[in-house]
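Structural features, examined
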Amino acid sequence: MNTQLLPASPAASSSGRPELSAPSAKMPAPGWFARQYRKRRLRTDLLTVIAWASVAAAIALWLADGGVTDITSPASLFTAAGIVAGLAGMDLVLLMLLLAARIPFIDRTIGHDRALEFHGKLGKPSLYLLLSHGILLAVGYGMAEGLDPVTESINLWVQVPHMWLAFVSMALFIAVVVTSLVAVRRRFPYEFWYVVHLLTYTAVATSIPHQFSVGGLFAAGTWQRWYWLAICIYTGTALVYFRVLEPVLATARHQLTVARVEAVAPGVVNIVMRGRKLDQLAGTGGRFFIWRFLAPGMWWHPHPFSLSAEPVVHDPDGQGTLRVTVRNLGNGSAQLLRLRKGTKVALEGPYGMLSTAARTRNNVVMIGAGIGITPLRALLETTPFAPGGATVLLRGHTDQDLYLAREVLDLCQARGARLFHLTGPRARGHSSWLSEDAARNGYSLTSYVPDIADADVYVCGPAAWAANVIADAGKAGVPEDQIHHERFDW
């Protein structure tokens, strides 16, 4: 069923929730969103240039230190090729770590999910380069000494300082990449994959000693030595600060505790938390945090949830409450439905680009399904648009599946947004995101938003469903840069 609940004109209404103040999000000056987009594109280009330049610099410095002049025989050619493969592979590994370090500049430029997507794409190339590094060096050194590659590898393990750590490092890299493959990853629980993935840090740490102790590649006083010391120190510092220290500081700063757990629908609850300095978290609608509820058996399990409403600040010191909405989707989230009042909460973030920071146009369309409605509800509260400049489409099997629908209705009334409830059994086939009735009648995104090509489109819901929405938006002429979708399958 397709129900238009509100036309594109403002109506006098206030939120039905007493804890939320009336929303206010002023439209920026004309052209502001376009300028924001251009700046973000420039930052994206800068990151791309830095990434490629780092690989080029690693090889260029080797050449500058006379790398080619050492090639005088087939054996030295294999050795040189192995060195180049190792330099490029190690540089890619450090880039992978930086992409996963949750550095704000990277997150606010390409988003957390795209950073992890690139992180994953670098896994196989870096492993292949490092494997080539080991094989080519074993062949090159073996040819120079009249030994086969296997015997030469054994000699390197036994006789060369720190070389055994390099073999351990290679085994760890192989384990990480193999367990990251989708077909393998699905066979194990998330916790197992997460622990194995942490071995990346051990793999990097065990690979470094032999680089500085074997031969004169990174000899004291060379530019190569200073380059690799600098990028290793920077990478390690970024990881420690943004993955460890910053979350600890944020947890201490906000001092969150569970205030109450409210039922929203069968298997769905609001977790309301009380804390301090929550004004510092305002304006993050749509972005997500990583939560750890410090209760027995739960403290080690990270939960990536977006706020489902703006923080409510009660006094000038930032004391107040904030809220996430959680659905029972497995053992981890099922435990959250039974949280006790007073449970302490650790948090990291906010992360992601499902926010006003991604806007490129004045008009906005928000399309959510199921629990994916909740971050869009928070975004609706804060993102700027003129009356009539926003359209909200909520999709569910039944009205009961449209979580927080009453709150979304109140916000749309207060801000003058169109609102559609799209309910009913899903259309048969794998390409439709609409109900069976809507698909049979030939509906598409342009049926609800004729001018959607001139709007930013935010999509949040199950992965397969969201992919169908995004495909429909593409057919309607929406450029890729105007489609914003955050994936949480990491």
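It should be emphasised that the depicted structure is a prediction, and the values quoted were computed from it without experimental measurement.

Moving on, we get to the packing of helix α13 (residues 373-382) against helix α14 (residues 405-415). In the contact formed by α13 and α14, the axes pass within 10 Å of each other and the chain directions differ by 20°. One finds that α13 runs roughly parallel with respect to α14. Between α13 and α14 lies a crossing whose hand is left-handed. Listed contacts from α14 to Ile-373, Arg-377, Leu-380, Glu-381 and Thr-382 of α13 are Glu-407, Val-408, Leu-411, Cys-412 and Arg-415.

Our next topic: the packing of helix α1 (residues 32-64) against helix α11 (residues 223-254). Interhelical geometry of α1 versus α11 gives an angle of 155° and a closest axis separation of 9 Å. Considering the angle they form, α1 stands roughly antiparallel to α11. Taken as a pair, α1 and α11 cross one another with a handedness that is left-handed. On the side of α1, the interface is formed by Ser-54, Ala-57, Ala-58, Leu-61 and Trp-62, while α11 contributes Trp-223, Gln-224, Tyr-227 and Trp-228. Partitioning the contact of α1 with α11 into residue classes produces 7 nonpolar, 2 polar and no charged.

Most peptide bonds adopt trans geometry, and most residues besides glycine take a negative phi value. Backbone torsion omega between Gly-349 and Pro-350 reads 10°, so that peptide bond is classified as cis. Among the structural elements, Pro-350 can be located in strand β7 (residues 344-351). The phi angle at Lys-277 is positive, at roughly 55°, despite the residue not being glycine. Locating Lys-277 in the fold gives a position in the loop between β3 (268-275) and β4 (288-293). Given a relative accessible area of 28%, Lys-277 falls into the partly exposed group.

Next up on the list: the pattern of salt bridges. Close approach of charged atoms allows side chains with opposite charge to pair. Summed over the entire model, instances satisfying the criterion amount to 15 salt bridges. Taking the shortest distance from any N to any O, the salt bridge between Arg-102 and Glu-348 comes out at 2.5 Å. Highlighted residues: Arg-102 in the loop between α2 (74-99) and α3 (104-110) and Glu-348 in strand β7, separated in sequence by 246 residues. Residues Arg-377 and Glu-407 are paired through a salt bridge, measuring 2.7 Å at the closest nitrogen-oxygen approach.

Right, let's get into the nonpolar core. Among the nonpolar cores identified, the biggest contains 30 residues, and Leu-87, Leu-94, Ile-103, Ile-106, Phe-173, Val-204 and Trp-228 are the most heavily contacted of them. Sorting the residues of this core by element identifies α1, α2, α3, α5 (123-145), α7 (163-180), α10 (199-213) and α11 as the ones contributing at least two each. When residues in this core are grouped by element, the largest group, 9 residues, is from α2. Residues within four places of Ile-106 in sequence aside, it is in contact with Leu-47, Leu-98, Leu-99, Gly-111 and Ala-115. Listed in part, the 23 residues of the second largest apolar core include Leu-354, Leu-376, Leu-380 and Ala-390.

How each quantity is defined
- Residues numbered from 1 in each chain as written.
- Predicted model: local features only at pLDDT ≥ 70, side-chain atom pairs only at ≥ 80, totals over all residues.
- Heavy atoms only, no water.
- Axes fitted to C-alpha atoms, helices over the stretch in contact; angles between N-to-C directions.
- Helix = DSSP H or I, 4+ residues; strand = E, 2+ residues; numbered from the N terminus.
- Parallel < 35°, antiparallel > 145°, perpendicular 65-115°, else oblique.
- Left-handed = near helix turned anticlockwise from the far one by under 90°.
- Contact = heavy atoms within 4.5 Å.
- Nonpolar A, V, L, I, M, F, W, Y, C, P; charged D, E, K, R; others polar.
- Buried < 20%, exposed > 50% of the residue type's maximum accessible area, 1.4 Å probe, protein only.
- Salt bridge = Lys/Arg side-chain N within 4 Å of Asp/Glu carboxyl O.
- Core = buried A, V, L, I, M, F, W, Y, C linked by side-chain atoms within 4.5 Å.

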